[in-house]
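# Fold and contact review
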Amino acid sequence: MSERAIVHLDLDAFYVGVEQVADPALRERPVIVAFGGVYAPRTAVASCSYEARQSGVTSGMALKRARKLCPEAVVLPGNPDLYMRASQALFGILRDYSPVIEPASQDEAYLDLTGTTRLFGIPADVGSRIQREVHTRLRLSASVGLGSNKLLSKVAAGCVKPAGFCDVSPGWESAFLRPLRARRLPGVGEKTERRLLDFNLRLCGEVAGVHTRYLEIAFGVNGRLLSERSRGVDCSPVQPQGPVRSAGASMTFDVDTNDQRAVEATLRRLVEQAVGRLRRTGRATRTVAVRLRFSDSIDSVRQCTLAMPTDLERDIAPAARDLLERLWERRVRVRQVGVRLTGLTGGLEQTDLFDDLTGADGWTPTRAQRGRALSGAVDRIRDRHGFWTISSGRAVGAPRGQMDPGRAECA
Ligand SMILES: [Mg+2]
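Residues numbered from 1 in each chain as written. Predicted model: local features only at pLDDT ≥ 70, side-chain atom pairs only at ≥ 80, totals over all residues.

### Structural notes on the overall build of the chain
- Along the chain, the regular secondary structure elements total 16 helices and 13 strands.
- The C-alpha radius of gyration computed for the chain amounts to 24 Å, which stays within 12% of the reference 22 Å derived for 411 residues, consistent with globular compactness.
- In terms of overall dimensions, the chain has a C-alpha envelope of 75 × 50 × 45 Å along the principal axes.
- Within the chain, contacts between residues separated by at least 24 positions form 66% of all contacts whose residues are at least 6 apart in sequence. (Helix = DSSP H or I, 4+ residues; strand = E, 2+ residues; numbered from the N terminus. Rg over C-alpha atoms; globule rule 2.2 N^0.38 Å. Contact = placed C-beta atoms within 7 Å.)

Structure follows, in C-alpha cells:
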C-alpha cells in the first residue's frame, strides 16, 4: 500500500478571526469572544486572539478572570451564525482538494490526499496551497500539518500554531514526536499528563520507550492507545461526514429560573434560530426535541414527530411549546433550555400537500407559500443585519443567558 498523506487544517483563533474579518479595526488587538452576557457570571472565553493570549488568557477560562489578566481586551458576545457561514465557506474550499474530508469541528478538518498527486501535485504543495487559499479568499489564518496518518498531521498542525505549516515526512515520524511533550498527543489531558509525570514520563519519546504492557498496567485500556500514539501509530481512516443529521440551539440562563413564560420566550427564540439553520441546509425536519437542564444538573427531554416534514417556525414552534408544557413538571429551577430538530428529510418541494395545490381563487398565495416567503425575508434580514435584529413577538421577554456554542451548528 502506498504511503498515506493526511492533512490536518485548523483555523487559528477561529471566532476571533471571523470577527476581525467583519471589523478590521479589531486586527492586531487583544480580542475575546465570549458567548452570552459579557458580564454574566457563567460566561467563559470561547476564543481569544494571540495578543490576548500573551497576557495569559486561554479559551475556556472564566471571562471574569480573563478581564483581570487583560483589561484592555475587546470582549465580543459572539455571532454563531456568522461563524457557521465562515465554516461553510472553509469546507467549500476544502472540497475542491479532496472528496475525503472529515470535519473535526467547525474550523478543523482532516483531508485524505492519498493518491491525488497526479491531479493536484505533491501533498506538501497542496497543503500550503490550501492554507494560502483560505488566507486569500476568507482572510482567515490556518495552521496545517501533513503526515502519514491523522494523529501525526494533527500534532504537526498544533506545533506550528498560528499560521504555520509542518510536514512530517515518511520515515521521520518518531524523530518528530520524540522531543515533544506527551501533552501534545490527542487524548492526553491535564490528568493523564500528571499521571505520566508521576512515572517521570514527560516526552513522547520517553512514553514510547516504555513497554506497552507496563503502560496497560498503569493506564488500563488506554495504555495501549497511549503507547501507539507516542510512537505515531494511528490506523484510523479519514471518515467523510454524512449529510447533516440535525440542527439545534440551546441557551444557559445567567440566573436559573422557574418562570415558565420566560423559558417559553427563550424557547421560541431558539426555535427561530434552529429553524433558520435548518433552512440553510435546504432540509426539513419531522422530529422536534426540547431539553431542559435543571439546577440540580438533571436533564429532561421530550420529543414528538410532526405529521409532515417542515422548515417553518409556524409548524415547529407550537410543537416545541407543547413539549415544554409536558416537561414542566418539576419544582426545580431551569438552568438551560435547548431544541433539536432531527429526522431530517431532503428538499422541501411540497410540505403541505393540500396547502400547495392552489389558493382558494387559484392565484393568491397559499398559506404555505406565505409562510415560506415570510421566513425567506426574515432569513435575508438576519443574514445582513444579524440574528437579533428581528424576532417574533412571542420571543420578546426572554431573560438573559448565553448561547451554547457547542449546539450552535448543524451536526
Ligand atoms: Mg481552531
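### Comments concerning the nonpolar core
- Core analysis: the largest hydrophobic core is formed by 85 residues, its most contacted members being Ile-32, Leu-267, Val-271, Ala-274, Ala-320 and Val-339.
- If near-sequence neighbours (up to four positions away) are discounted, Ala-274 is found in contact with Ala-247, Gly-248, Ala-249, Val-339 and Leu-341. (Core = buried A, V, L, I, M, F, W, Y, C linked by C-beta atoms within 7 Å. Buried ≥ 20, exposed ≤ 12 C-beta atoms within 10 Å, placed from the backbone.)

### A look at the sheet that holds strand β9 (residues 247-257)
- Pairing is antiparallel across the open sheet formed by five strands, whose spatial order is β11-β10-β12-β9-β13. With one partner strand each, in any of the chains shown, β11 (299-310) and β13 (401-403) form the two edges of the open sheet. Neighbour to neighbour, the strand axes of the sheet diverge by 15° on average, direction disregarded.
- Contacts from helix α14 (residues 313-327) reach β10 (285-294), β11 and β12 (334-342), with the element oriented near 150° to β11. (Pairing = 2+ DSSP bridges. Axes fitted to C-alpha atoms, helices over the stretch in contact; angles between N-to-C directions.)

### Thoughts on helix α7 (residues 150-159)
- Among the 10 residues that make up α7, eight are buried, leaving the element largely enclosed by the rest of the structure.
- Residues of α7 that are buried include every one of Lys-150, Leu-151, Leu-152, Ser-153, Lys-154, Val-155, Ala-156 and Ala-157, and no others.
- Elements in contact with the buried residues of α7: β1 (6-11), β6 (108-112), β7 (142-147), β8 (165-167), α8 (173-177) and α12 (222-230).

### Considering the domain arrangement of the chain
- In terms of domain boundaries, the chain breaks down into domain 1 (15-78), domain 2 (175-230) and domain 3 (247-407).
- Taken over C-alpha atoms, the centre of domain 1 sits 33 Å from the centre of domain 2. (Domains from an automatic or database assignment.)

### Things to note about unusual backbone geometry
- Residue Pro-162 follows Lys-161 across a cis peptide bond; omega there is -10°.
- Of note, Pro-162 is situated in the loop between α7 and β8.
- Notably, Ala-13 is not glycine yet its phi reads approximately 40°, a positive angle.
- Backbone geometry at Glu-28 places phi at a positive 60°, although glycine is not the residue there.

### Quick look at the environment of Arg-333
- With respect to the helices, strands and loops of the structure, Arg-333 is situated in the loop between α14 and β12.
- C-alpha of Arg-333 to C-alpha of Gly-145: the two residues are 188 residues apart in sequence and 46 Å apart in space.
- Every residue in contact with Arg-333, bar those within four places of it in the chain, is listed here: Asp-256, Thr-257, Asn-258, Phe-294 and Ser-295.

### Looking at helix α4 (residues 80-94)
- For α4, with 15 residues, the first-to-last C-alpha span of 21 Å sits near the 21 Å given by 1.5 Å per residue.
- Inspection of α4 places Pro-80, Tyr-83, Ala-86, Ser-87 and Leu-90 among the buried residues, and these make up the whole buried set. Each buried residue of α4 lies within a common arc of 120° when the element is viewed along its axis, so the set occupies one face.
- Those residues of α4 hidden inside the fold are in contact with β1, α1 (14-22), α6 (123-138) and β13. (Expected span 1.5 Å × (residues − 1). Arc of directions from axis to C-beta.)

### Focus on the environment of Val-271
- Its place among the elements puts Val-271 in helix α13 (residues 260-280).
- For Val-271 and Asp-81, which are 190 residues apart along the polypeptide, the C-alpha to C-alpha distance reads 14 Å.
- Those residues within four positions of Val-271 in sequence are excluded, and the remaining contacts are Glu-313, Ile-316, Ala-317, Ala-320 and Val-339.

### What to know about the packing of α4 against α6
- Remark: α4 packs on α6, axes separated minimally by 10 Å, with the N-to-C direction vectors making an angle of 140°. Taken together, the axes of α4 and α6 are oblique relative to one another. Between α4 and α6 lies a crossing whose hand is right-handed. Residues Ala-86, Ala-89, Leu-90, Ile-93 and Leu-94 of α4 form the contact with α6, whose own contacting residues are Ile-130, Glu-133, Val-134, Arg-137 and Leu-138.
- Across the contact of α4 with α6, the residue classes tally to eight nonpolar, no polar and two charged. (Parallel < 35°, antiparallel > 145°, perpendicular 65-115°, else oblique. Left-handed = near helix turned anticlockwise from the far one by under 90°. Nonpolar A, V, L, I, M, F, W, Y, C, P; charged D, E, K, R; others polar.)

### Here we look at the packing of α13 against α14
- Running from N to C, α13 and α14 point in directions that differ by 140°, and their axes come no closer than 10 Å. Relative to α14, the element α13 is oriented oblique. Of the two elements, α13 crosses α14, and the hand of that crossing is right-handed. Within the contact between the two elements, α13 uses Val-263, Glu-264, Leu-267, Arg-268, Val-271, Glu-272 and Val-275 and α14 uses Glu-313, Ile-316, Ala-317, Ala-320, Arg-321 and Leu-324.
- Considered class by class, the residues forming the contact of α13 with α14 number eight nonpolar, no polar and five charged.

### Description of the sheet that holds strand β2 (residues 31-33)
- Strand order in this open sheet of three strands is β3-β2-β4, and the pairing throughout is mixed. Both outer strands of the open sheet, β3 (47-48) and β4 (74-76), are each paired with one neighbouring strand and no more.
- Here α1 sits on the sheet in contact with β2, β3 and β4, set at roughly 115° to β2.

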